[in-house]
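# Structural description and commentary
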Amino acid sequence: MTGADTARTVIGIIGNVISFALFASPSPTFWRIWKKRSVEEFSPDPYLATVMNCMFWIFYGLPVVHPNSTLVVTINSIGLAVELIYLTIYFVFAPNKGRLKVIGVLCLELAFMAAVVVVTLTKLHTHASRSNLVGIFCVVFGVLMYASPLTVMKKVITTKSVEYMPFYLSLTNFLNGLIWLTYALIQFDLYITIGNGLGAVSGAIQLILYACYYKSTPKDKEGKEKGKSSEVELASPKRLNKPTPQATAANTAA
């Protein structure tokens, strides 16, 4: 193993740890759902999107598509398992309409994923061509996920408040994009570079906005941001008991 390979492996392991933190970040919200036995206004959409994103990155990292991408497969396999746990909790406590939505969307995602797998493995016969097709889908779904914080950033600008944009989530989002971008540049991978380059830029913009509007954010008597929620969510589901969108961190783990 060369020095570059060793460095890439170490950075990939660090990336796995940071990405896991992002995948685990919505757990307080789902713990609250479990305790309340109700999803209230909670939306499963970001988690359904993340399931699709993880499936494509897992397929992308397989040896038959893009060799030497084991760490991409590991973290997205963990992420897929975590997202399915979240959706299971949602399914248990959701009304029938919500349950039908989850089942319907998951079936569509599985059908689409199966079609891509069949076409990739039967019609494309080189790693380069397979990587190109699957990589494009990875970037498309990654862009859709990274676009989700835009609504929160707009709210920060219009209200001049970072009340619903947690600093540590924005920082972790930035570090996640940066570490996977570094991973992709050591042994150049166009699709991981694009997806996580966008993630790093998104996280950096959130940190800049935080620095700009922190002082103008209303504080409570203890000096904390007024209304700041301790519940951190992966993408942009509705807040429990509040229609105002909470801070976001769309995650493409690799």
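Residues numbered from 1 in each chain as written. Predicted model: local features only at pLDDT ≥ 70, side-chain atom pairs only at ≥ 80, totals over all residues. Heavy atoms only, no water.

### As for the overall build of the protein
Put simply, the rule reads: Each helix is a run of H or I in the DSSP string that is no shorter than four residues. Each strand is a run of E no shorter than two, and both are numbered from the N terminus. Only protein chains enter the accessibility calculation, which uses a 1.4 Å probe; a residue is then buried when its area is under 20% of its type maximum, exposed when over 50%, and partly exposed in between. Only heavy atoms matter for contacts: two residues are in contact if any of them lie within 4.5 Å across the pair.
Along its length, the protein carries 9 helices and 0 strands. Reading the secondary structure of the protein in the N-to-C direction produces α-α-α-α-α-α-α-α-α. Considering the protein as a whole, with its 254 residues, one finds that 49% of them fall into the buried category. Taking all contacts inside the protein whose residues are at least 6 apart in sequence as the whole, residues at least 24 apart take part in 78%.

### Observations regarding the side chain of Thr 120
Its place among the elements puts Thr 120 in helix H5 (residues 96-123). Leave out the neighbours within four places in its chain, and Thr 120 touches Phe 59, Arg 130, Leu 133 and Val 134.

### Digging into the packing of helix H2 (residues 27-36) against helix H4 (residues 70-93)
Rules: Angles here are taken between N-to-C directions and fall from 0 to 180 degrees, while the axes themselves are lines fitted to C-alpha atoms, restricted in helices to the stretch in contact. An angle counts as roughly parallel when it lies under 35 degrees, as roughly antiparallel when it exceeds 145, as roughly perpendicular when it falls between 65 and 115, and as oblique in every other case. It is the rotation of the near helix from the far one that decides the hand of a crossing: anticlockwise by less than a right angle makes it left-handed, clockwise makes it right-handed. Here the nonpolar group is Ala, Val, Leu, Ile, Met, Phe, Trp, Tyr, Cys and Pro; Asp, Glu, Lys and Arg are the charged ones; every other residue, Gly included, is treated as polar.
Closest axis-to-axis distance for the H2/H4 pair is 10 Å, and the angle between their directions is 25°. Between H2 and H4, the angle is such that the two are roughly parallel. For the crossing formed where H2 meets H4, the hand is left-handed. Of the residues in H4, those touching H2 at Ser 27, Phe 30, Ile 33 and Trp 34 are Tyr 86, Ile 89 and Phe 93. Taken together, the residues of the contact of H2 with H4 sort by class into 6 nonpolar, 1 polar and no charged.

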